Structure formats: C-alpha cells, structure tokens
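Each chain is listed here by its residues.
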Amino acid sequence: MNQSIEVKVPDIGDFSAVPVIEICVKVGDTVAAEDSLITLESDKATMDVPSPAAGVVKEIRVGLGDRVSEGTVIAIIEAVATASAAPAEVEKAAPAAPVAPAAASVAVTIAPKAAPQPIPAPVAPPAATLGNTHASPSVRLFARELGVDLSRVPATGPKGRIVKEDVTQFVKGVMSGAVAGAAGGASLGGGLDLLPWPKVDFEKFGPVDVQPLSRIKKISGQNLARNWVMVPAVTYHEDADITELEAFRVALNKENEKSSEKTGSKVTMLAFIIKACELALKKFPEFNSSLDGDNLVLKKYFHIAFAADTPNGLVVPVVKNVDQKSVSQIAVECGELAKKARDGKLGPADMTGACFTISSVGGIGGTYFSPIVNAPEVAILGVSKSVMKPVWNGQEFVLRLILPLSLSADHRVIDGALATRFNVHVAQLLADMRRALV
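How each quantity is defined
- Residues numbered from 1 in each chain as written.
- Predicted model: local features only at pLDDT ≥ 70, side-chain atom pairs only at ≥ 80, totals over all residues.
- Heavy atoms only, no water.
- Axes fitted to C-alpha atoms, helices over the stretch in contact; angles between N-to-C directions.
- Helix = DSSP H or I, 4+ residues; strand = E, 2+ residues; numbered from the N terminus.
- Parallel < 35°, antiparallel > 145°, perpendicular 65-115°, else oblique.
- Left-handed = near helix turned anticlockwise from the far one by under 90°.
- Contact = heavy atoms within 4.5 Å.
- Nonpolar A, V, L, I, M, F, W, Y, C, P; charged D, E, K, R; others polar.
- Salt bridge = Lys/Arg side-chain N within 4 Å of Asp/Glu carboxyl O.
- Buried < 20%, exposed > 50% of the residue type's maximum accessible area, 1.4 Å probe, protein only.
- Pairing = 2+ DSSP bridges.
- Core = buried A, V, L, I, M, F, W, Y, C linked by side-chain atoms within 4.5 Å.
- pLDDT = per-residue confidence, 0-100.
- Patch = residues over 30% accessible without salt bridge, like charges linked within 9 Å, V, L, I, M, F, W, Y side chains within 5 Å.
- Areas by Shrake-Rupley, 256 points an atom, 1.4 Å probe, with all protein chains shown as cover.
- Phe/Tyr/Trp six-rings, centres within 6.5 Å; stacked < 30°, edge-to-face > 60°.
- Lys NZ or Arg CZ within 6 Å of the ring centre and 35° of its normal.

A. Representation of the packing of helix α7 (residues 269–283) against helix α8 (residues 327–342) in the model. Following both chains from N to C, one finds α7 and α8 inclined at 120 degrees, their axes separated by 8 Å at the closest point. In terms of orientation, α7 lies oblique with respect to α8. As for how α7 packs across α8, the hand of that crossing is right-handed. Across the interface between the two elements, Leu-270, Ala-271, Phe-272, Ile-274 and Lys-275 from α7 touch Val-327, Ile-330, Ala-331 and Cys-334 from α8. The residue makeup of the contact of α7 with α8, split by class, is eight nonpolar, no polar and one charged.

The structure is reproduced here in structure tokens:
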C-alpha cells in the first residue's frame, strides 16, 4: 500500500525565509530517495531539499522565489510500498549523468566549495541531455557572463550539481588547451560558446579594397584578443612632472655632442622611463611576476619591453637586465632594437622574456589610453605626449612639463591601492631621479 508523505524543509540552521531558486521536479515525476526536490539559496550556501523516500510527486506546494523556513511543506510524495516496487520507474527517472552517492537522511545538503580538480576533456553531450544541467541561478548567470555552455562543464558538486569552481576550472582548461573547445575545436570562441564573427558582403554597399593582414598583425591580434578576454585589467592614470628631467636630458645630449668621445646615440625619455620602472619593480615585486595556475611566480631578473611601431605593425623588443645598465646604455640598446624592428630583423630572442612592458605613443600625440596587458606579464605602462600645463605650487600657477602615465594591471594580482602606489612612485622618480640614489 502506498503512503503519502509531506516533505518539509528540515533544519537549516539560523536561516529563515530562504528563497526557492530552483524546482528540480514536477508533478507526476518518479523520484528515488535522496533525489533533490527543490534548491534553496541563502547568503552563504546553496541547499538541496531531498526526497525522504522513493515515490511519485503528487503535489508541489512552493514556487520559484517563494521564501520558506524550517517545517514548511514543499511537496507531497506518494511513496512506494517497498524498495523494489518500482525499480523500473526509479531507474527511468534517474539523471543521465552519474551522481555522487547521497546520505540516507532527509538532512539539507550544502554544496561545499570543492577543491579544484583536473578537468578531463569533456565530450559533447547528446542532444537529449542539453538543458538538464543542475546549477543554481547564480552559477548559470556566472556561466552566461563568460559565455560558457554548462552542458560541457563536468560537475563536482553534490548530486551532479555544477558549482562556480567547476565553471572557472573549465574556462582555465579551455584557455590552456587542456580542454577542447566546442565540437572538438580549440578556439577561444568555440570554447566559450561565442557568437560567430559576422559575415558581410561589403561590396553590396560600395567599392572596397581587400588587403591581407600582415603576419605581425595576425600574431599580435590573436594575443591581444586572448589577453583582453582573459585578463581582468584596470587602468590607473597619473601625471608625472618631468620639467627638470627633460631639461637635464637636453643638456646631457648637448654635452655629448660637444664631447670628443661621441656615443652616437642620444639619451631618450624612454630610457629614463625604463630605468624608473625597473626601480619601481624592485620596490613593488608583485609587478615583476606572472600567474602560473594557482601560483604567483616572482622574478628576480628585470627585462623590460617597449612597443615599437614599424611599417608592418607593432612589435615589442625587450631590453634585458636593465638593472645592470645605465640610462645611457639603455638608450643605446633601445635605439639598436628599434632599428632592427624597422628593418624586420628582430629575432625571437629579442622579443621574449619580458617582465614588464612600456607602450609609448608620446612621439605621436594623445593624452591617456588603456594599454592591454601583455600576458603572462601582469602590468603594462602607457605613456602619452608630454604637454606644458599650469600647476599650482601653493602660491601661484607655474608652467610645468607634464607626462601622462596610464598603468593597466591584472586585478587578480594587483589591486587598486598597489597599482596607484606603483604609478605614483614612477611619477616621483621621473620628477626627481635623485630618488634613485636613496
């Protein structure tokens, strides 16, 4: 003889009026003991209310968004007389994906924060299973924001539920190449389920001229797209007063012209900026680091790259061991690398190993901009055109030569306070390079 059972919300601790965020069954469904009936979500945890016995759902007493407390009746289950009375029905209603064994009690199941696990390359699920993924609305929203298809994400939560960490690990797997993209592909768009690039017949609207992208632009475009999507960068702006430094630089170059031992190369503002950044990297070692999974690799060497504009596109040569070189030596090396870049003679060794990058558009113009972090680096400094501005000195406005600095930093490693301190320190060094001596 079958028995009707009122399923009530069990003891959920100090929580009350907890919202129902998901109803896992409908009237007429056959459920096994410990199958999830509804999901609740408090401020601190997601909780499943399981069925106390195998049977058929006769009533559902709550709806999405309803708030429930301990003792609230959520459903009526008509329990089967014996465990073997309806094995076929229970098997029929079992989820397609394997689930973790459940405890034999009516206690609330709280989704733990599982430690990240290696994710096997997922196999695209059959069409019949799409949409049957188990995840809370907050996890579904998180996945939508990242463009992740939840049907491809392996679940580590209780009863086959996908938790936020599963989505994060899946994205890491796709970007590292450990997990194949959609339909077996390895592209970023496929892995993150992005819309395909729009195809337009532009000739319908007027004459066009089709030009192939240069090899440099193809390679840099792929890197920039990856970095823009994967690095949560924030840009911080600061003004550096370089009035005295520019006067010193001009005087130094004039002295070199008159000297009998001419170096053949002028000291540039970029060389001073590179030296200032090297000193700032020493003071703030987080900027001289890279993320490697869950580890932060702090580097003990100081290789600084600078963006060089060439007829074929932007390249980024690297000045190695700037901590072991003077400003004059850095200026000479920058000139040599820039010439090699214009001549298309930069080798792989000239463009690898950077800890930090400087992108200067000061020779062209501009005020401020947001440079894209060059992964696996965690920060990049953008430098714009210096301009004369009136600055209040406490008594009057005086004209000063101001250099705009735009620092983009990976917020996973560098927070706003640290980024601002770094930017301010660079500006202070440029304002008075005597600080480099103390």
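B. The arrangement of unusual backbone geometry in detail. A cis amide bond links Ala-375 with the next residue in sequence, Pro-376, at an omega value of 10 degrees. Inspection of the secondary structure puts Pro-376 in the loop between β19 (356–360) and β20 (379–383). Even without a glycine there, the phi angle at Asn-321 is positive, about 50 degrees.

C. Up close: the pattern of salt bridges. Taken as a whole and judged by the stated rule, the model has 15 salt bridges. Two residues, Arg-161 and Asp-48, come together in a salt bridge whose shortest N-O distance is 3.3 Å. Placement of the pair is Arg-161 in strand β11 (residues 161–162) and Asp-48 in strand β5 (residues 46–50), with a sequence separation of 113 residues. Accessibility expressed as a relative area gives 3% for Asp-48, which makes it buried. Measuring nitrogen to oxygen at the nearest pair gives 2.8 Å for the salt bridge that ties Asp-241 to Arg-400. Here Asp-241, found in strand β12 (residues 233–241), pairs with Arg-400, found in strand β22 (residues 397–410); they are 159 residues apart in sequence, far enough to count as distant. Through salt bridges with shared partners, a single ionic network connects Glu-22, Asp-48 and Arg-161.

D. Examining the sheet that holds strand β6 (residues 55–60) more closely. Taken together, the four strands give an open sheet; going across it, the order is β1-β8-β6-β3, and neighbouring strands pair in antiparallel fashion. Strand pairing shows two members of the sheet lacking a second neighbour, β1 (3–8) and β3 (30–31), which therefore form its edges. One ladder, built from two bridges, connects β3 with β6; its direction is antiparallel. From the neighbouring strand, Thr-30 faces β6, where its bridge partner is Val-56.

E. Structural detail: the nonpolar core. Core analysis: the largest hydrophobic core is formed by 53 residues, its most contacted members being Phe-287, Phe-356 and Leu-430. Here this core gets 10 residues from one element, more than from any other, and that element is α7. When near neighbours in sequence (up to four residues on either side) are disregarded, Phe-356 contacts Cys-277, Leu-281, His-303, Ile-304, Ala-305, Glu-377, Ala-379, Ile-380, Leu-381, Leu-407 and Phe-422. One finds Val-7, Val-31, Val-62 and Ile-77 within the second-largest nonpolar core, a separate group that totals 18 residues.

F. Highlighting the environment of Gly-353. Looking at the element boundaries, Gly-353 is found in the loop between α8 and β19. In this structure, the C-alpha to C-alpha distance between Gly-353 and His-303, residues 50 residues apart in sequence, is 6.7 Å. Apart from residues lying up to four places away in sequence, Gly-353 is in contact with Tyr-301 and His-303.

G. Region of the structure containing the confidence of the model for the chain. Across the chain, the average pLDDT comes to 81, with 80% of residues at 70 or higher. With pLDDT under 50 throughout, residues 83–131 is counted as low confidence; its partners more than four residues away or in other chains account for 63 contacts. Counted against residues more than four places away or in other chains, residues 181–190, with its pLDDT under 50, gives 12 contacts.

H. View of a nonpolar patch on the surface. On the surface, Val-200, Phe-202, Phe-205, Val-208 and Val-210 cluster together into a nonpolar patch covering about 560 Å² of accessible area. Within the secondary structure, Val-208 sits in the loop between α4 (188–191) and α5 (215–230). Note on Val-208: relative accessible area 43%, which makes it partly exposed.

I. Highlighting the packing of aromatic side chains. By the definition in use, this model includes five aromatic pairs. Ring centres 4.0 Å apart and planes at 20 degrees place the aromatic pair Phe-287 and Phe-422 in the stacked group. In this pair, Phe-287 is assigned in the loop between α7 and β13 (289–292) and Phe-422 in helix α9 (residues 416–431), connecting sequence segments 135 residues apart. One aromatic cluster is present, formed by Phe-284, Phe-287, Phe-356 and Phe-422 through successive ring pairs. Taking NZ or CZ as reference, Lys-282 lies 5.5 Å from the ring centre of Phe-302, over its face.

J. Broad picture of the side chain of Asn-227. Mapped onto the fold, Asn-227 is located in helix α5. Sequence-distant contacts of Asn-227, that is, excluding residues within four places in its chain, are made with Ile-372, Val-373, Asn-374 and Ala-375.

K. A look at the pairing of strand β14 (residues 295–298). With four bridges connecting them, β13 and β14 associate as antiparallel partners. Considered in β14, the bridge of Ser-289 is made with Leu-298. Hairpin connection from β13 to β14: two residues lie between these consecutive antiparallel strands, with Gly-293 at a positive phi of about 65 degrees.

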